[in-house]
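Observations on chain architecture
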Amino acid sequence: MIIQGNFKPARSGWLLRMSSRVLSLFLGVLVIGALGSYGIKVQFEDSINKLAKHTRDMNEQNKELQVKLNHIRSYKNVEAAAARVPHLHMPETVIDVPPSATVIQLPALPPVKQEFPRVYGY
């Protein structure tokens, strides 16, 4: 049995094609947006890391300068203390000995004998 008639084609295929195109376009825009935001995030992290490295370098330099300043202040304090005592004169030269200089080892002293026995209870 054959049914004849004036039937219109179904529009479900057209709707499916249009919705898949719109969704694929939306997915493409999302992927490009995600890549763009990832690139911006990487640039921000790189700039933050550069600033942190620069800050650490400046802190190390500040520590070295603080050590030098304390060294100079110690000389000034010695000079001020020597100026307060009337019979002390200011040194003509100051010798700075590096910490790697060798130290002369003196012979050990003999042990001290105890003269009196220990008394407990008093």
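Our subject is the structure listed above.
Structure report, in brief.

Parameters and conventions
- Residues numbered from 1 in each chain as written.
- Predicted model: local features only at pLDDT ≥ 70, side-chain atom pairs only at ≥ 80, totals over all residues.
- Heavy atoms only, no water.
- Helix = DSSP H or I, 4+ residues; strand = E, 2+ residues; numbered from the N terminus.
- Rg over C-alpha atoms; globule rule 2.2 N^0.38 Å.
- Buried < 20%, exposed > 50% of the residue type's maximum accessible area, 1.4 Å probe, protein only.
- Areas by Shrake-Rupley, 256 points an atom, 1.4 Å probe, with all protein chains shown as cover.
- Lys, Arg positive; Asp, Glu negative; His and termini not counted.
- Charge placed at Lys NZ, Arg CZ, Asp CG, Glu CD.
- Salt bridge = Lys/Arg side-chain N within 4 Å of Asp/Glu carboxyl O.
- Patch = residues over 30% accessible without salt bridge, like charges linked within 9 Å, V, L, I, M, F, W, Y side chains within 5 Å.

Turning next to the overall build of the protein chain. Of the regular secondary structure elements, the protein chain holds 1 helix and 0 strands. On C-alpha atoms alone, the protein chain measures out to a radius of gyration of 44 Å, which is more than a quarter above the 14 Å that the 2.2 N^0.38 rule sets for 122 residues. Its C-alpha atoms give the protein chain principal-axis dimensions of about 135 × 55 × 35 Å. For the protein chain, the residues scored as buried account for 1% of the 122 residues in total. For the protein chain, the exposed surface amounts to about 12900 Å²; the carbon and sulfur share of it is 65%. Computed over 15 positive and 9 negative side-chain charges, the separation of the two mean positions in the protein chain equals 23 Å.

Below, the discussion takes up the pattern of salt bridges. Tallied over the full model, the rule gives 4 salt bridges. Measuring nitrogen to oxygen at the nearest pair gives 3.3 Å for the salt bridge that ties Asp 57 to Lys 53. One end of the pair is Asp 57 and the other is Lys 53, both in helix α1 (residues 12-84) and 4 residues apart, which spans about a single turn. For Asp 57, a relative accessible area of 42% puts it in the partly exposed group. Residue Lys 63 pairs with Glu 60 through a salt bridge whose shortest N-O separation is 3.7 Å.

Mapped onto the fold, Gly 28 is located in helix α1. Given a relative accessible area of 30%, Gly 28 falls into the partly exposed group. Distance from Gly 28 to Ser 74, taken between C-alpha atoms, is 69 Å for residues 46 residues apart in sequence.

Right, let's get into the environment of Trp 14. Among the structural elements, Trp 14 can be located in helix α1. Relative accessible area serves as the criterion here: at 43%, Trp 14 is assigned to the partly exposed category. Sequence separation between Trp 14 and Leu 25 is 11 residues, and the spatial gap between their C-alpha atoms is 17 Å.

This part is about a nonpolar patch on the surface. A contiguous nonpolar patch, built from Trp 14, Leu 15 and Met 18 and spanning about 310 Å² of accessible area, is present on the exposed surface. Relative to the helices and strands, Leu 15 resides in helix α1.

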